[in-house]
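# Survey of secondary and tertiary structure
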Amino acid sequence: MRDEGAAPQGRVLAEVRLRASDLPLGIGEPVALAFIAGVDGPSYRPVGAAMAIGPDAEMWGSLSSGCIDADVARHAREVAASGQPRDLRYGAGSPFRDLELPCGGGLDIRVMAVPDAASLAPIRSALAGRRPINLWLGRTLSTTPADDAVLRLRVDPDPRFAVFGKGPEALAFARMAAGAGYETHLASPDAETLAIAGPPIRGVHLVGPSPLERVPVDAFTAGVLFFHDHDHEPAILAHLLQGPAFYVGAQGSRRAAAERFRLLRAAGLAEDRLARLRGPIGLIPSTRDARTLAASVLAEVLAVAMQDVSAG
């Protein structure tokens, strides 16, 4: 029996790992999709990144910083009408000499028609359910190995943030993560923190002093704690460290971090679980401002997430 992840007919496919946001299929009803199938030199977007094109020239996602997207959309409408895929070349070696890539590289774009919404249903279901999915890019986009595939795409969910804490640090971090477009859940035992975090913070899901199970955590979730009163931390950290979160960290000094480890060891947490705990957190040491700390921690978490994608 052939391995379902193997390249058809023994060919070696280029394999790329992406995030769900690189595949903009959650909104609209596209009539065509355009993918970056190859890159020469520098590129604004990664190989495998997609743009969806609607019947009235709507565009979701991007393939560049704006230099070629409109032209790709024009070709995509023709592809949607004919049903025949089309390969385009931009930049170095392109016939479209009036469309320059400021980065100086070259892009190969594969454009394909979307026959109907049902063809995208399995992909959309996986993306909505935060499930990784393998896709094969050939004349069409397939969830199974295809003989004409030129790329195999591994699409992982975007990072999600489970934020626990109270006060300005927790609020600043939740605002920043949600403002950057990441799904963010803020859990706090403090009524004032939850009140401030109400309607003014768009995109933040609020969770009161309820069971930890109400905060969704999967292998693509970062759990981050912002408490000055560290008494709240052991139960939350034990829950996160025994779960699948790819990042678990807590605010505080080196002294607070040492005490945190002591309490968790005393509670019987295994050393392999403790090794996953980060603290003090953030790329900028000894910050004294809530916004700076938020930016510092967000950058650290996203750097870890990027390492996970690169390692894949």
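Given the structure is predicted, the values throughout are model-derived calculations rather than measurements.

In this section: the overall build of the chain. Across its full length, the chain holds 8 helices and 15 strands. Considering the chain as a whole, with its 312 residues, one finds that 47% of them fall into the buried category. In the chain, once contacts between residues fewer than 6 apart in sequence are set aside, the share between residues at least 24 apart is 59%. Only carbon and sulfur atoms are counted for the fraction: they give 53% of the accessible area of the chain, which is about 14900 Å².

On inspection of all chains with the given rule, the structure shows 17 salt bridges. Between aspartate 156 and arginine 17 there is a salt bridge, and its shortest N-O distance comes to 2.5 Å. Placement of the pair is aspartate 156 in strand E9 (residues 151–156) and arginine 17 in strand E1 (residues 14–19), with a sequence separation of 139 residues. According to the relative accessible area criterion, aspartate 156 is buried, its value standing at 1%. One salt bridge in this structure joins aspartate 156 and arginine 154, with 2.7 Å as the shortest N-O distance. You can call arginine 154 partly exposed: its relative accessible area is 30%. Residues joined in a network through salt bridges with shared partners are Asp71, Arg74, Glu78 and Arg86.

Tallying each qualifying case throughout the model produces 3 aromatic pairs. Centroid distance phenylalanine 161 to tyrosine 182: 5.6 Å. Interplanar angle 75 degrees. Geometry classified as edge-to-face. Taken as a pair, phenylalanine 161 in strand E10 (residues 160–165) and tyrosine 182 in the loop between helix H3 (168–179) and strand E11 (183–187) lie far apart in primary sequence, 21 residues in all. The buried category is assigned to phenylalanine 161, whose relative accessible area is 0%.

The next thing to look at is the confidence of the model for the chain. Residues of the chain with pLDDT of at least 70 account for 89%, and the chain-wide mean is 88. When the elements of the chain are averaged for pLDDT, strand E12 (residues 204–207) gives the smallest value, 85, and strand E14 (residues 247–250) the largest, 98. Within the model, the stretch residues 1–11 combines pLDDT values under 50 with 19 contacts to residues more than four positions away or in other chains.

What follows concerns the sheet that holds strand E15 (residues 277–278). Here we have 6 strands laid out as an open sheet, ordered E12-E11-E10-E13-E14-E15, and parallel in their pairing. Of all strands in the sheet, those bounded by a partner on one side alone are E12 and E15. For E11 and E12, the ladder comprises 4 bridges, and the chain directions are parallel. When the bridges of E12 are listed, leucine 186 appears paired with leucine 206.

With that settled, the discussion passes to the nonpolar core. The biggest cluster of nonpolar side chains holds 26 residues, and the ones touching the most others in it are Phe173, Val224, Phe226, Tyr247 and Val297. Those elements giving two or more residues to this core turn out to be E10, H3, strand E13 (221–226) and helix H8 (290–311). Here the element with the most residues in this core is H8; it accounts for 8 residues. Discounting residues that sit within four places of it in the chain, valine 297 has contacts with Phe173, Val224, Phe226, Tyr247, Ile281 and Gly282.

This paragraph deals with unusual backbone geometry. The peptide bond linking glycine 279 to proline 280 adopts the cis configuration, its omega dihedral lying at -5 degrees. Mapped onto the elements, proline 280 comes out in the loop between E15 and H8. In this structure, alanine 57 is a non-glycine residue whose phi angle is positive, near 70 degrees. One can find alanine 57 in the loop between strand E3 (50–53) and strand E4 (59–61). Alanine 57 gets classed as partly exposed once you look at its relative accessible area, which sits at 37%. A positive phi angle, close to 55 degrees, is found at arginine 130, a residue other than glycine. On the accessibility criterion, arginine 130 (16% relative accessible area) is buried.

Calculation rules
Residues numbered from 1 in each chain as written. Predicted model: local features only at pLDDT ≥ 70, side-chain atom pairs only at ≥ 80, totals over all residues. Heavy atoms only, no water. Helix = DSSP H or I, 4+ residues; strand = E, 2+ residues; numbered from the N terminus. Buried < 20%, exposed > 50% of the residue type's maximum accessible area, 1.4 Å probe, protein only. Contact = heavy atoms within 4.5 Å. Areas by Shrake-Rupley, 256 points an atom, 1.4 Å probe, with all protein chains shown as cover. Salt bridge = Lys/Arg side-chain N within 4 Å of Asp/Glu carboxyl O. Phe/Tyr/Trp six-rings, centres within 6.5 Å; stacked < 30°, edge-to-face > 60°. pLDDT = per-residue confidence, 0-100. Pairing = 2+ DSSP bridges. Core = buried A, V, L, I, M, F, W, Y, C linked by side-chain atoms within 4.5 Å.

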